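Breakdown of the fold
Take a look at the letters that make up each chain.
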There are 2 protein chains.
Amino acid sequence: MTRALTRKGEATRARIVAGAAAEIRERGVDEVRLEDVMAHTGTSKGQLFHYFPDGKEGLLLAVAQHEADEVLIDQEPMLSNLTSWPAWLAWRDRLIERYLAQGVKCPLNGLLGQTGRRAPGAQAIVTGLMWRWQKAITEGIRHMQSTGDIAPDLDADRAAAALLAGIQGGVLLLLSTGKIDHLEAVLDLTIDSLRAGARTGGS
Amino acid sequence: MTRALTRKGEATRARIVAGAAAEIRERGVDEVRLEDVMAHTGTSKGQLFHYFPDGKEGLLLAVAQHEADEVLIDQEPMLSNLTSWPAWLAWRDRLIERYLAQGVKCPLNGLLGQTGRRAPGAQAIVTGLMWRWQKAITEGIRHMQSTGDIAPDLDADRAAAALLAGIQGGVLLLLSTGKIDHLEAVLDLTIDSLRAGARTGGS
DNA sequence: CGATTTTTGGACTTGCAGGTCCATTTTTGC
DNA sequence: GCAAAAATGGACCTGCAAGTCCAAAAATCG
């Protein structure tokens, strides 16, 4: 079906997605014209529509998927190894560091707003990202419960949901206010709160 | 300066803002054309540019301010009276109820993405909203500390920041996933966590 | 090496939404 | 009631960015 891409074609397609993603991160979705992408990636209009027959919509979707994947990759290997309190703090630090560096440039924020309503696919991409993210956190909590570092009667899924929401809100507030304070507060207070639950099985 | 609006003019202006807000809530910012607003509010293009000389930009800004104010008004009188645990729960219930009813229609989400980059005013509106919101929560926490229901050594501002971030993230996740679970989890767990801090001065 | 398919470039079309203009009607204030 | 100012209606202009089309170049494969 999707077969019919030579090596060169695949490279070009990837270059377009990466270039468009960079452009969007830098200047925002609604400021980026197809021509900007062409200029920035050294491609022609014919190529754009050759690789993305659905036009801008399709390209944006591909970029969104690309950026969603990046989000989780950037948190590795910490996110998949929340097996001790120092590991949790390392993850916390990575998040702060990453978003501090990113600043106000959030790729997905705009992409959702832009494609969210019309494209059913965009919703799915974000939902998928959140689901994977939350799953990783849940597993971290479960592991800490297995070692007795977190109370076993705590609802891991619910706690992970709350933490994930906090992170999202923290990033959102970073986007609006430019300050990292909220994200920091959420991470520190929530992790502390998880820690406090250890009392039952104490170390 | 801004003087020169008859009663009729003021009414028309208000009708435009309210109508545009409704339209945007219903169909999203980037789906709403000036013509839609005209049709929906029974106004002409001349009027739109008469009341909003800066065109769409200015209108969007006015709508954003309008919606930002609504957000806090909708939480009253609970938000300004976080003076007992039942009051906190009443506020919690109001939030859940309100966002459950709102569903995926978030007025500010898109407005920020749309005007955020270019208009310096849009940023200010959201920042202002968040600041007022957080201040109200902080005051609630301080009050509970004064009655001994929350430990006095807790950093009220930091806790409020975390709670606010949690709420924002909960709403964001409601927008992406359609489920209220995250918002519920954040509110319940965070409030519980505040409660747990009462131990010091216990009742 | 020749047929076939993919890749590429870029000129051209198109639709539409934001914005301009001005003529007409209504309101205001004396 | 009458000048001045504000409110209204809607025809018109304009620019731009997405999308179309096709012909030339390069790659693939037997």
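Residues numbered from 1 in each chain as written. Chains lettered and ligands numbered in written order. Predicted model: local features only at pLDDT ≥ 70, side-chain atom pairs only at ≥ 80, totals over all residues. Heavy atoms only, no water.

So, the overall build of chain A
Just so we agree on the cut-off: Think of it this way: any DSSP run of H or I at least four residues long counts as a helix, any run of E at least two long counts as a strand, and we number them from the N terminus. When a residue's accessible area, from a 1.4 Å probe over protein chains only, is under 20% of the maximum for its type it is buried; when over 50% it is exposed; and in between it is partly exposed. Contacts are residue-level and defined by heavy atoms, with any inter-residue pair within 4.5 Å sufficient. Only the protein chains shown count as cover for residues, and the accessible areas themselves come from Shrake-Rupley with a 1.4 Å probe.
The number of helices and strands found in chain A is 9 helices and 0 strands. Oriented by its inertia axes, the alpha-carbon framework of chain A measures out at about 65 × 40 × 30 Å. Buried residues in chain A amount to 50% of all 203 residues. For chain A, the share of sequence-separated contacts (at least 6 apart) that also reach a separation of at least 24 residues comes to 69%. For chain A, the accessible surface area stands at approximately 9,600 Å², while carbon and sulfur atoms represent 55% of it.

Things to note about the nonpolar core
Rules: For the purposes of this section, nonpolar cores are sets of buried Ala, Val, Leu, Ile, Met, Phe, Trp, Tyr and Cys residues that join through side-chain atoms within 4.5 Å.
The biggest cluster of nonpolar side chains holds 62 residues, and the ones touching the most others in it are W88, W91, Y99, W133, I137, I141 and I167 of chain B. When residues in this core are grouped by element, the largest group, 12 residues, is from helix α8 (residues 156–177) of chain B. W88, A159 and L187 of chain A together with V186 of chain B belong to the second-largest nonpolar core, a separate cluster that totals 44 residues.

Regarding the relation of the copies chain A and chain B
The relation between the two copies of this chain is a rotation about an axis and a shift parallel to it. The cut-off we apply is this: When the copies are superposed, the least-squares fit draws on C-alpha atoms of residues that have pLDDT of at least 70 in both.
Once chain A has been moved 0.0 Å along the axis and rotated by 180°, it coincides with chain B to within an RMSD of 0.1 Å. The transformation relating the two chain copies, once decomposed into turn and shift, fits a two-fold axis.

Brief notes about the interface of chain A and chain B
Spelled out, the test is: When two components associate, each loses some accessible surface as probed by a 1.4 Å sphere; the sum of these losses over both components is called the buried area. Counted as salt bridges are all cases of a side-chain nitrogen of Lys or Arg within 4 Å of a carboxyl oxygen of Asp or Glu. Pairs of N or O atoms are called polar contacts if they sit within 3.5 Å, as long as, within protein, a hydrogen donor faces a hydrogen acceptor (for residues adjacent in sequence, only side-chain-to-side-chain pairs). Ten residues, namely Ala, Val, Leu, Ile, Met, Phe, Trp, Tyr, Cys and Pro, are considered nonpolar, four, namely Asp, Glu, Lys and Arg, are considered charged, and the remaining ones, Gly among them, are considered polar.
Each partner contributes residues to the interface: chain A has 42 residues there, and chain B has 42 residues. Summed over both partners, the interface of chain A with chain B comes to about 3,000 Å²; 57% of that surface belongs to carbon and sulfur atoms. At the boundary of chain A and chain B, one finds 2 salt bridges. Across the salt bridge formed by D188 of chain B and R158 of chain A, the nearest N and O atoms sit 2.8 Å from each other. Seen at the junction of chain A and chain B, the total is 10 residue pairs in polar contact (both at pLDDT 80 or more). Contributing elements (two or more residues each) for the side of chain A that touches chain B: α1 (7–27), α6 (107–115), α7 (120–146), α8 (156–177) and α9 (181–196) of chain A. For the side of chain A that touches chain B, the leading source of residues is α8 of chain A, giving 15 residues. Grouping the amino acids of the side of chain A that touches chain B by side-chain chemistry returns 16 nonpolar, 15 polar and 11 charged.

Details of the protein's contact with DNA strand D
Short version of the rule: Nearness of a residue to a molecule or strand requires only that one of the residue's heavy atoms be within 4 Å of it.
The full set close to DNA strand D counts 20 residues, and R33 of chain A together with S44, Q47, H50 and Y51 of chain B are the nearest of them. When the atoms of DNA strand D within 4 Å of the protein are grouped by moiety, sugar and phosphate amount to 71% of the total. For DNA strand D, a base nitrogen lies 3.3 Å from a polar atom in the side chain of K45 of chain A. Breaking the surface near DNA strand D down by element, the ones donating at least two residues are α3 (45–51) of chain A together with α1 (7–27) and α3 (45–51) of chain B. It is α3 of chain B that contributes the most residues to the surface near DNA strand D, 5 residues altogether. By residue class, the composition of the surface near DNA strand D is 5 nonpolar, 9 polar and 6 charged.

Observations regarding the UniProt feature "domain: HTH tetR-type" (unreviewed entry) in chain A
Going by this rule: UniProt positions are given in the numbering used here, feature names are shortened, and annotations may be inferred rather than shown by experiment.
On the UniProt side, "domain: HTH tetR-type" (unreviewed entry) is annotated at positions that read residues 10–70 of chain A here. Summarising residues 10–70 of chain A: 79% helix, 0% strand, and an end-to-end C-alpha distance of 19 Å.

Describing the protein's contact with DNA strand C
Around DNA strand C sit 20 residues, and of these S44, Q47, H50 and Y51 of chain A together with K56 of chain B come closest. Here, DNA strand C places atoms within 4 Å of the protein, and 67% of those atoms are sugar or phosphate. A distance of 2.8 Å separates a phosphate oxygen of DNA strand C from a polar side-chain atom of Y51 of chain A. Side-chain polar atom of K8 of chain B to a sugar or linking oxygen of DNA strand C: 3.5 Å apart, as the coordinates give it. Counting residues per element, the ones that place at least two in the surface near DNA strand C are α1 and α3 of chain A together with α3 of chain B. Among the elements that line the surface near DNA strand C, the one with the most residues is α3 of chain A, at 5 residues. Of the residues contributing to the surface near DNA strand C, the split by class is 5 nonpolar, 9 polar and 6 charged.

Topic: the environment of W85 of chain A
Residue and element names in this part refer to chain A. Mapped onto the elements, W85 comes out in helix α5 (residues 85–102). Separated by 94 residues in sequence, W85 and K179 place their C-alpha atoms 26 Å apart. Beyond its immediate chain neighbours, meaning those up to four positions away, W85 contacts M144, D149, I150, I191, L194 and R195.

Topic: helix α9 (residues 181–196) of chain B
The test is simple: The span one expects for a helix is its residue count, reduced by one, times 1.5 Å.
Given a rise of 1.5 Å per residue, 16 residues ought to cover 22 Å, and the 22 Å separating the end C-alpha atoms of α9 of chain B matches this to within 8%. Those residues of α9 of chain B lying buried are H182, L183, A185, V186, L187, D188, I191 and L194 of chain B. Its buried side turned inward, α9 of chain B meets α7 and α8 of chain A together with α5 (85–102), α7 (120–146) and α8 of chain B.

Quick look at the pattern of salt bridges
Tallied over the entire structure, the rule returns 18 salt bridges over all chains. The salt bridge involving E67 of chain A is made with R25 of chain A; its shortest N-O contact spans 2.7 Å. One end of the pair, E67 of chain A, is in helix α4 (residues 56–73); the other, R25 of chain A, is in helix α1, with 42 residues separating them in the sequence. A relative accessible area of 3% means that E67 of chain A is categorised as buried. Judged by relative accessible area, which is 30%, R25 of chain A ranks as partly exposed. Measuring nitrogen to oxygen at the nearest pair gives 2.9 Å for the salt bridge that ties D74 of chain A to R98 of chain A. In this pair, D74 of chain A is assigned in the loop between α4 and α5 and R98 of chain A in helix α5, connecting sequence segments 24 residues apart. Connected through shared salt-bridge partners, R92, D93 and D188 of chain A together with R158 of chain B make up one network.

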